[in-house]
Every structure is written in structure tokens, then in C-alpha cells.
Amino acid sequence: MNTPLPYADNALEPYIDEQTMILHHDRHLQTYIDNLNTVLQDHPRLQSLSLEQLIARSDRMPANVGTPVSRNAGGVYNHRFYFDSLTPEIGLQPEGALAEAIDRSFGGYGAFREKFTAAAKSVFGSGYAWLVRDPYGGLKIITTANQETPLPPFHCPILAIDVWEHAYYLKHYNKRADYIDDWWNLVNWKNAEKRYLECRI
Ligand code: MN3
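Since this is a predicted model, take the numbers as computed values, not measurements.

1. Re the overall build of the protein chain
- A tally of regular secondary structure across the protein chain gives eight helices and three strands.
- Across the protein chain, helices and strands are ordered from the amino to the carboxyl terminus as α-α-α-α-α-β-β-β-α-α-α.
- Here the C-alpha atoms of the protein chain give a radius of gyration of 17 Å, agreeing with the 17 Å that 2.2 N^0.38 yields for 201 residues.
- Relative to its 201 residues, the protein chain shows a buried fraction of 50%.
- Counted over contacts in the protein chain with a minimum sequence separation of 6, partners at least 24 positions apart contribute 67%.
- Of the roughly 10200 Å² of accessible surface on the protein chain, a fraction of 49% belongs to carbon and sulfur atoms.
- Between the averaged position of the 19 positive side-chain charges in the protein chain and that of its 24 negative side-chain charges there is a distance of 6 Å.

2. Some words on the environment of Gln93
- Note on placement: Gln93 falls in the loop between α3 (63–84) and α4 (96–106).
- Apart from residues no more than four positions distant in its own chain, Gln93 is found in contact with Tyr109 and Trp189.

3. With respect to the packing of α4 against helix α5 (residues 109–122)
- Between α4 and α5, the least distance of the axes is 8 Å, while the angle of their chain directions is 70°. As far as their axial angle goes, α5 and α4 are roughly perpendicular. In this structure, α4 contributes Ile102, Asp103 and Phe106 to the contact, and α5 contributes Tyr109, Ala111, Phe112 and Lys115.
- Its residues assigned to classes, the contact of α4 with α5 shows five nonpolar, no polar and two charged.

4. Some thoughts on α4
- Restricting attention to buried positions, one finds in α4 the residues Leu98, Ala99, Ala101, Ile102 and Phe106. Looking down the long axis of α4, one finds its buried residues gathered within 160° of arc, a one-sided arrangement.
- Summarising the contacts, the buried residues of α4 are in contact with α5, β1 (127–133), β2 (139–145), β3 (156–162) and α8 (189–198).

5. Observations concerning the domain arrangement of the protein chain
- The assigned domain composition of the protein chain is domain 1 (18–84) and domain 2 (96–199).
- Each partner contributes to the interface: domain 1 provides 18 residues, whereas domain 2 provides 23 residues.
- Overall, the association of domain 1 and domain 2 removes approximately 1500 Å² of surface from exposure, summing both partners, and the carbon and sulfur fraction of that is 60%.
- In terms of surface lost to domain 2, no three residues of domain 1 exceed Asn78, Phe81 and Tyr82, which account for 41% of the buried area on that side.
- Our count for the contact surface shared by domain 1 and domain 2 stands at zero salt bridges.
- If you look at where domain 1 meets domain 2, you find nine residue pairs in polar contact (both at pLDDT 80 or more).
- Counting residues per element, the side of domain 1 that touches domain 2 draws most heavily on α3, which supplies 10 residues.
- Its residues placed into classes, the side of domain 1 that touches domain 2 shows six nonpolar, nine polar and three charged.

6. A word on the pattern of salt bridges
- All told, the structure shown has one salt bridge when counted by the stated rule.
- Its salt-bridge partner being Glu89, residue Lys190 comes within 2.9 Å of it at the nearest N-O pair. With Lys190 in helix α8 and Glu89 in the loop between α3 and α4, the pair connects residues that are 101 residues apart, well separated along the chain.

7. Describing the nonpolar core
- With 65 residues, the main nonpolar core has Phe112, Ile161, Tyr179, Trp183 and Trp189 as its most contacted residues.
- Residue contributions to this core peak at eight residues, all from α3.
- Counting residues domain by domain, this core receives three or more from each of domain 1 (18–84) and domain 2 (96–199).
- What Tyr179 contacts, discounting residues up to four positions off in sequence, is Ile16, Tyr82, Ile161, Asp162, Val163, Ala167, Tyr168 and His172.

Quick notes on the rules
- Residues numbered from 1 in each chain as written.
- Predicted model: local features only at pLDDT ≥ 70, side-chain atom pairs only at ≥ 80, totals over all residues.
- Heavy atoms only, no water.
- Helix = DSSP H or I, 4+ residues; strand = E, 2+ residues; numbered from the N terminus.
- Rg over C-alpha atoms; globule rule 2.2 N^0.38 Å.
- Buried < 20%, exposed > 50% of the residue type's maximum accessible area, 1.4 Å probe, protein only.
- Contact = heavy atoms within 4.5 Å.
- Areas by Shrake-Rupley, 256 points an atom, 1.4 Å probe, with all protein chains shown as cover.
- Lys, Arg positive; Asp, Glu negative; His and termini not counted.
- Charge placed at Lys NZ, Arg CZ, Asp CG, Glu CD.
- Axes fitted to C-alpha atoms, helices over the stretch in contact; angles between N-to-C directions.
- Parallel < 35°, antiparallel > 145°, perpendicular 65-115°, else oblique.
- Nonpolar A, V, L, I, M, F, W, Y, C, P; charged D, E, K, R; others polar.
- Arc of directions from axis to C-beta.
- Domains from an automatic or database assignment.
- Buried area = accessible area lost by both parts, 1.4 Å probe.
- Salt bridge = Lys/Arg side-chain N within 4 Å of Asp/Glu carboxyl O.
- Polar contact = N/O pair within 3.5 Å; in protein donor to acceptor, adjacent residues only side chain to side chain.
- Core = buried A, V, L, I, M, F, W, Y, C linked by side-chain atoms within 4.5 Å.

This is the structure:
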């Protein structure tokens, strides 16, 4: 089942337009949910697993099940993560323990922002850039292709930007850099800090 966005479709204007949010949430995310449900229909024992469990175990499933499970559960997981990484509360900044960790790992918010922007720009084709906590307690910036996910035991995700073209094409056309600039205004640093504090690795 799809869950509603945690804000109105037009709440992120002018940085991300209403039509993009509607299509992204109601069509793109919904398609991953529908496709995942179709695969799980024939495998009742998988139906009680969480998205994280499905993704982690997909490697051990036969390829004709594991591949669609991993792609579609990944698509649902990543999109929910992305939408929860955004807020209409414009211009929040990292605070508290997460702000301190960013200072320690990157030498300050400005340096972090530059590095994260470069990573998001560098994704070839479709994918995501992530801020994650690594198993040693430090912060790292990584990118994933398509609907691959950065999950434990190696990474605990804190923040994500979707750089698939469908996330920005209607407003920013082919200019991913402009979308990334706009995206920084919308980062939900409160949710990011909550996630950082909940990381168990
Ligand atoms: Mn997307």
C-alpha cells in the first residue's frame, strides 16, 4: 500500500514543482509498489518480511524472484527515504549530534555540501547520492545505481537525493545541477538527525 506524502503535493514549490511530486509519488513510487506486490503474490512466505528484510534476503532467492524483489523493494525503500528527506520548512541546517559528526567527517557543513553535490552530479544515468554512517561511526557520501540501496551491515542511510531524471525533468529539464541547488533548500535535517541517532551499526 502506498503511504501519503508527509506534506502537500505543492508544499515544496518553487524548488520542486507540484506536478513532479504528483507523478513521482503517485506514479513512479506506486509502480514499484504494484510490481513488488505482484511478485509477492506467488510467494506468501515473503509477504510478512519488511522492505529491508526483502532487500537483504533477495540475494539468496532464485534469480527470477530475487531480481524483481530487490529492484522493486529497493524502489519503494529508496523513494520513501527520499520523500522523508524533504520538508517544506525551507532552509533548515544540520544540528546537534549530526552537525558535529558532519564537522568531524568533512571539516564543516560547507565542505560536506560541496562533496555531496559533486557526488550527486557524478551519478551516471539513474540513481541516488546518500549520506550514510559507516560501521566505524564515521559519515560517508556514497552513490547507488538505479534502485540499489545502502543498507546494513555496511551502511546506515541518513539522507538521500534521487537524481533520476523523473525527479526534476519537468522543471529543471536536463539541468541536474540546478535541481540539486534547489534541493538543498528542502533538506529535512530533523529527520536526518533522527536517523543518525537511530543507526545501530
Ligand atoms: Mn524517483
